[in-house]
Amino acid sequence: AQKITQTQPGMFVQEKEAVTLDCTYDTSDQSYGLFWYKQPSSGEMIFLIYQGSYDEQNATEGRYSLNFQKARKSANLVISASQLGDSAMYFCAMREGSKGGYNKLIFGAGTRLAVHP
Amino acid sequence: NAGVMQNPRHLVRRRGQEARLRCSPMKGHSHVYWYRQLPEEGLKFMVYLQKENIIDESGMPKERFSAEFPKEGPSILRIQQVVRGDSAAYFCASSPQRGHQPQHFGDGTRLSIL
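Rules and cut-offs
- Residues numbered from 1 in each chain as written.
- Chains lettered and ligands numbered in written order.
- Predicted model: local features only at pLDDT ≥ 70, side-chain atom pairs only at ≥ 80, totals over all residues.
- Heavy atoms only, no water.
- Helix = DSSP H or I, 4+ residues; strand = E, 2+ residues; numbered from the N terminus.
- Buried < 20%, exposed > 50% of the residue type's maximum accessible area, 1.4 Å probe, protein only.
- Contact = heavy atoms within 4.5 Å.
- Pairing = 2+ DSSP bridges.
- Axes fitted to C-alpha atoms, helices over the stretch in contact; angles between N-to-C directions.
- Buried area = accessible area lost by both parts, 1.4 Å probe.
- Salt bridge = Lys/Arg side-chain N within 4 Å of Asp/Glu carboxyl O.
- Polar contact = N/O pair within 3.5 Å; in protein donor to acceptor, adjacent residues only side chain to side chain.
- Core = buried A, V, L, I, M, F, W, Y, C linked by side-chain atoms within 4.5 Å.
- Disulfide = S-S within 2.5 Å.

**Student:** Please clarify how the environment of Ala59 of chain A should be interpreted in this entry.
**Tutor:** Residue and element names in this part refer to chain A. Turning to its location among the elements, Ala59 is positioned in the loop between strand 6 (46–52) and strand 7 (60–61). When its relative accessible area of 15% is taken as the criterion, Ala59 is described as buried. For the pair Ala59 and Met94, spaced 35 residues apart in the sequence, the C-alpha separation amounts to 15 Å. Setting aside residues up to four positions removed in sequence, Ala59 forms contacts with Ile49, Tyr50, Gln51, Tyr64, Ser65 and Leu66.

**Student:** Can you walk me through the sheet that holds strand 4 (residues 31–37) of chain B in this structure?
**Tutor:** Through backbone hydrogen bonds, the strands of a sheet pair up, either in parallel or in antiparallel fashion. Residue and element names in this part refer to chain B. Taken in spatial order, the six strands make up an open sheet running 2-10-9-4-5-6, and their pairing is mixed. Since the sheet does not close on itself, it has two edges, and those belong to strand 2 (10–13) and strand 6 (53–56), each with one partner. Ignoring which end each strand starts from, the neighbouring axes of this sheet average 25° apart. The pairing of strand 9 (residues 88–95) with strand 10 (residues 109–113) spans three bridges and is antiparallel. Directly across from Ala89, in strand 10, lies its bridge partner Arg110.

**Student:** Mind showing me how you'd approach the interface of chain A and chain B here?
**Tutor:** Interfaces are frequently sized by the accessible area removed from exposure as the parts join. Facing 21 residues of chain A, the contacting portion of chain B comprises 24 residues. Both sides of the chain A and chain B interface together cover about 1800 Å² of buried area, and 50% of this is carbon and sulfur. Note that Glu40 of chain B and Arg112 of chain A form a salt bridge whose closest N and O atoms lie 3.6 Å from each other. There are six residue pairs in polar contact (both at pLDDT 80 or more) connecting chain A and chain B. Elements with a contribution of two residues or more to the side of chain A that touches chain B: strand 5 (33–39), strand 6, strand 10 (88–97) and strand 11 (103–107) of chain A. Of all the elements, strand 11 of chain A adds the most residues to the side of chain A that touches chain B, at four residues.

**Student:** I'm lost on the pattern of salt bridges in this one. Help?
**Tutor:** Close approach of charged atoms allows side chains of opposite charge to pair. By the definition in use, this model includes nine salt bridges over all chains. Several salt bridges share partner residues, and in doing so they unite Glu18, Arg20 and Arg78 of chain B into one network.

**Student:** Which parts of the structure should I look at to understand the environment of Gly10 of chain A?
**Tutor:** Residues and elements named next belong to chain A. Looking at where Gly10 falls in the secondary structure, it is placed in strand 2 (residues 10–14). Expressed as a C-alpha distance, the spacing of Gly10 and Arg72, which sit 62 residues apart in the sequence, is 22 Å. Not counting chain neighbours up to four residues away, the residues in contact with Gly10 comprise Thr111 and Arg112.

**Student:** In this structure, what is going on with the nonpolar core? I would like to understand it.
**Tutor:** Nonpolar side chains tend to gather and get buried jointly when the protein is soluble and globular. Ranked by internal contacts, the top residues of the largest apolar core, which has 25 residues, are Ile4, Tyr25, Leu34, Trp36, Ile49, Leu77 and Tyr90 of chain A. Listing elements by their share of this core, those giving two or more residues are strand 3 (19–21), strand 5, strand 6, strand 8 (64–69), strand 9 (74–79), strand 10 and strand 12 (111–116) of chain A. In terms of residue count, the dominant contributor to this core is strand 10 of chain A (four residues). Residues Val32, Val47, Ala88 and Leu111 of chain B belong to the second largest nonpolar core, which totals 22 residues.

**Student:** Is there a simple way to think about the state of the cysteines in this case?
**Tutor:** Each disulfide is one covalent bond, formed between the sulfur atoms of two cysteines. Evaluated as defined, the whole model comprises two disulfides over all chains. One disulfide bridge connects Cys23 of chain A with Cys92 of chain A, the sulfur atoms lying 2.0 Å from each other. What sets the handedness of the Cys23 of chain A and Cys92 of chain A disulfide is the S-S torsion sign, and at about -65° it is left-handed. Of the two residues, Cys23 of chain A sits in the loop between strand 3 and strand 4 (24–26) while Cys92 of chain A sits in strand 10, which places them 69 residues apart along the sequence. Across this residue pair, the class does not change: Cys23 of chain A and Cys92 of chain A are buried. Disulfide partner of Cys23 of chain B: Cys92 of chain B, at an S-S distance of 1.9 Å. Note on the Cys23 of chain B and Cys92 of chain B pair: the S-S dihedral is about 80°, so by sign convention the disulfide is right-handed. One end of the pair, Cys23 of chain B, is in strand 3 (residues 19–24); the other, Cys92 of chain B, is in strand 9, with 69 residues separating them in the sequence. With relative accessibility at 0%, the residue Cys23 of chain B sits in the buried group. We classify Cys92 of chain B as buried; its relative accessible area is 0%.

Next comes the structure, spelled out in structure tokens:
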């Protein structure tokens, strides 16, 4: 069965430093996609970054980059130059394909990031 | 260019009442996914609908929960005879077609059961 594992319940980082949030996944599919979402205390789910399994380059979006290691089945999120506004819950998710040709997402349990001044 | 719109943002119900949650997809999108987030957990898939059709309801509880996406109007997630355990955040996402993966969620509805 497909599964997403986030082993860090909580992380602390000093403002302006970089931080890596871990995510490992398990799937037997050859084609899959990996997402990261940010959930601030206000509760909305903010899409950050996407990596397709066939993408050769690691995805980057501004200060966010995804360290994709296919052989290790890991898709870690790297946030560079942390800001106080980065304090939030972060979820890793995987696109689960179906025989019906549609996609639904399965989520990890999340990592709570606290950025200190 | 409005995103996925959900309302209400917060909903309070007493045990035994009905809760109706609405989701208007992005413009041009005819596919809607509903997810539930229990406290301190990640989102879990509930149901996938296309206009006037339920495609996959494998994540939805068999009793008291139903969903629809009529030809006109928003998608509705309906919970009858609510219980305390229904307290959660309910999110929806939309996509323009079957194979297109949804990425963006609405802001969610936080349901609290007294």
